[in-house]
Each structure stands twice: as C-alpha cells, then as structure tokens.
Amino acid sequence: MSIAFYAPMKPLDDPRPSGDRTLGRLLFAALEAAGRAPFIACRFKSRDGRGDADRQARIAAIGEKLADRLVARLARRAAPPRAWLTYHLYYKAPDPIGPRVSAALGLPYVIAEASHAPARLPGPWARGAASAQRAIEQADRILTLNPVDAPALTALRGGADLVDFPPFIDARAFDGRLGAPDRSAARAALSRRIGGDAARPILLTAAMMRPGAKLRSYQALAEAYRRSRARPRLAIVGDGPARAEVEAAFAGLGAAFLGACDAEGLRARYAGADLFAWPAIEEAFGMVFLEAQAAGLPIVAGNTGAGVARMLRDGETGLLAPLAPAAFAGAIDALAEDSARRARMGAAAARFARTRDLDAAARRLDAVLAELGA
C-alpha cells in the first residue's frame, strides 16, 4: 500500500523553514495517518529561480536519468508503490521524474498543488513551463490547495479530476491534545519577556525575515501599527537576512523581537498572545493563520487573495483587512479594544482549525487514492 512521495521545489528535510516545507511534511504525515506507508522517492531539487535555459535542460536530463533508475529500483521493492504523489509543481519547479516513473510502472499520478502558467511558455522558463504542463496533463488527480490555481488548470484539462483540498495542520499540537502550553502560564511568560503594561493585549506576528514579499509585509504591518489607536504590545517572531530592515521599519514603536524559535517555542508564543496579525503580501495562503487559530487566536489577515481568504472565516474567526495602513490598523484596533470579541473569535477560530485538521485531510486523501485503485 506504499505511496511514492516527491517534492521537487523543496525536499521535506530542507533546513530552511517555510510554509511550503510545513505543508509538504503535513501531506506526508496525512499519508502516514491514512495507513498509506509513504516514502521519499527522490530528493532531487528541480527549481530554477533565474530563468536559465541551460539549467532547465540539465534538470530535464538529470530527471530522466533519475527516473529510469527509480523505475528499476521501485520494481524490485518488496512493497512496490501503488501511486506516486508530487507536491507543489509549477514552471520554476517542474516534476521531471514522477510522470516518467508513473507511466513506466503503471502508477496513478497525483499532484498536490499545481499551477499552470501558459504565459511562461514562450519566455525564459519555457522548458520548465512545458515540463510542468505535461505533468499536469498526465495527472490522474490534482489536489488544488490554492483556489487561485483552479481556473488555469480547468482551462488546460477540464475540472473533473481537480479535487478542492484546503491547507490543513495538525491541530493537536496547538489545542492541548498533545500537551500544548497552558494559556495563562504562557501569557505570563510572554508578558514578562516583552515587558510593558501587562493589562494591554499582546499582538503577535511570525514570519521569516527575507527580502521581497516578506519584508514588504513587515513594512506594511509597521506602518499600520504606527497608526493604531490601541497600540497592543507587539511581539515579533522570526529572523533572517532582512532582519536589519525589519527592525528599521519598527524603530521607535516598542516592538519586541523574539528571534526565530522551533515548533515548540512557536506554540508557546501563540499560546501567550491575544491576537495575531500578518499582511500576507503575495502569500499563497499562509499556514501561520491556521496555526494561530488552532491556538485560539483571532487573526487579522491582509485581504490579498482567495488563498488567504479561505484560511479564516471573515468576521467569525478573524478579520480580512485591506492593506491600506489605516484600514489594517482599524482591524487591529477592533480586536485589541474588545476583549469579549477576541474571546468569541478565538473560540470560533479553534473550532474552525479543527475542521482543517490532519485527521480530516488523511481521510480525504485516502478516499482520493482509493478512487484511483491505489
């Protein structure tokens, strides 16, 4: 009953934390929870971030060789795979291996999170875009994690084999079933760490500090916080090459920079806060929103697209806010100044996160594979 698993953009053991790595690991865990015995078929990284035609040609050639070796190796396994699942495929990170192996061994080929970009077919990523398109056309099922991807996929191959599959988390790590931190003790510890008036609520944000969209999100949050009436105490979790620029954006605002932390430390930060906010500029969906809600935090999320919008229930578990500084500040103030509303939304957020739990995802994934005869 084993399933071959491949993540061409970022292997699951990549040392750099990211939402992409988190969701890949969760998909692998969901296969395990479904009793599907997944294994990492290959760790080859196919990403070309520069639009280098020669690199794309090398990726394709290496992929063919690796695929042929895998065909021979998998055929000799005591428990040959019953299906192949590729996670996150697009023009910068195509799958040069899974389609070839699946065709040779007669395996159902499944993609979780695929995006089709026909505008890239004539440009510098032409070869990668064409490879991604061929894989999408061959797939027996495509799990669409981001609704933004669905129209282009439907236009390419029709919608019958697309499966809407919202992002999910292991909520047990945040809601107490796996020993999540006690809320009152965690809040006291975080309050001591960041200082300030203990009566004021704590606003948490957490993200990598790197140039590009992440930095712009931090800068947007800083500008909104500068305009906030309530000025909740601000705790920032994260680190990275753009830390100096992030700190400069928050200069004079009294923000507490807590640095990077592991999963256990991040759960403690969620448990100690009162609300969570992140502008989510150019985010596909934002796994932190689910994590924060699972910990019982109401959230303020930037209204930056359908992927982010599906990560909460606007007005019930949090607020979708325009990125205009005054509007985003107003959403923060609406929650920071109303403890009763925070409590209602926090409870609803925890319930919502349980509908996006790993166990539910495992059942849905198992059903998709069963339909394919895996």
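The structure under discussion appears in the preceding block.
Remember, predicted model here, so these are calculated numbers, not experimental data.

Caption draft 1: Quick peek at the overall build of the chain. A count of helical and extended segments in the chain gives 14 helices and twelve strands. Relative to a compact globule of 374 residues, whose C-alpha radius of gyration would be 21 Å, the chain shows 22 Å and is just as compact. Taken across its 374 residues, the chain has 55% of its residues classed as buried. Across the chain, every contact between residues at least 6 apart in sequence was considered, and the portion connecting residues at least 24 apart equals 69%.

Caption draft 2: Seen up close, the pattern of salt bridges. Per the counting criterion, the structure on display carries 20 salt bridges. Its salt-bridge partner being Arg-310, residue Asp-164 comes within 2.7 Å of it at the nearest N-O pair. Of this pair, Asp-164 sits in strand E6 (residues 162–164) while Arg-310 sits in the loop between helix H11 (306–309) and strand E12 (318–321); the two residues are 146 residues apart in sequence, bridging distant segments of the chain. Taking the relative accessible area as the measure of exposure, Asp-164 reaches 40% and is therefore partly exposed. For Arg-172, the salt bridge is made with Asp-170, and the minimal N-O distance between the two is 2.8 Å.

Caption draft 3: Structural context of a positive patch on the surface. Residues Lys-65, Arg-69, Arg-73 and Arg-76 make up a contiguous surface patch of positive charge. Locating Lys-65 in the fold gives a position in helix H2 (residues 53–75). Relative accessible area serves as the criterion here: at 56%, Lys-65 is assigned to the exposed category.

Caption draft 4: Up close: the pairing of strand E10 (residues 275–278). Judged by which residues are buried, E10 turns out to be covered on both faces: Leu-275 and Ala-277 on one side and Phe-276 and Trp-278 on the other are all buried. As judged from the two bridges shared by strand E7 (residues 202–206) and E10, these two strands associate in the parallel manner. The residue of E10 that forms the bridge with Leu-203 is Leu-275. Taken together, the three bridges between E10 and strand E11 (residues 299–302) define a ladder with parallel strand orientation. Residue pairing for E11: Ala-277 is matched across the bridge by Val-300. Traced from E10 through helix H10 (residues 287–294) to E11, the parallel crossover comes out right-handed.

Scoring rules and cut-offs
Residues numbered from 1 in each chain as written. Predicted model: local features only at pLDDT ≥ 70, side-chain atom pairs only at ≥ 80, totals over all residues. Heavy atoms only, no water. Helix = DSSP H or I, 4+ residues; strand = E, 2+ residues; numbered from the N terminus. Rg over C-alpha atoms; globule rule 2.2 N^0.38 Å. Buried < 20%, exposed > 50% of the residue type's maximum accessible area, 1.4 Å probe, protein only. Contact = heavy atoms within 4.5 Å. Salt bridge = Lys/Arg side-chain N within 4 Å of Asp/Glu carboxyl O. Patch = residues over 30% accessible without salt bridge, like charges linked within 9 Å, V, L, I, M, F, W, Y side chains within 5 Å. Areas by Shrake-Rupley, 256 points an atom, 1.4 Å probe, with all protein chains shown as cover. Lys, Arg positive; Asp, Glu negative; His and termini not counted. Charge placed at Lys NZ, Arg CZ, Asp CG, Glu CD. Pairing = 2+ DSSP bridges. Right-handed = clockwise from strand over helix to strand, strands pointing away.

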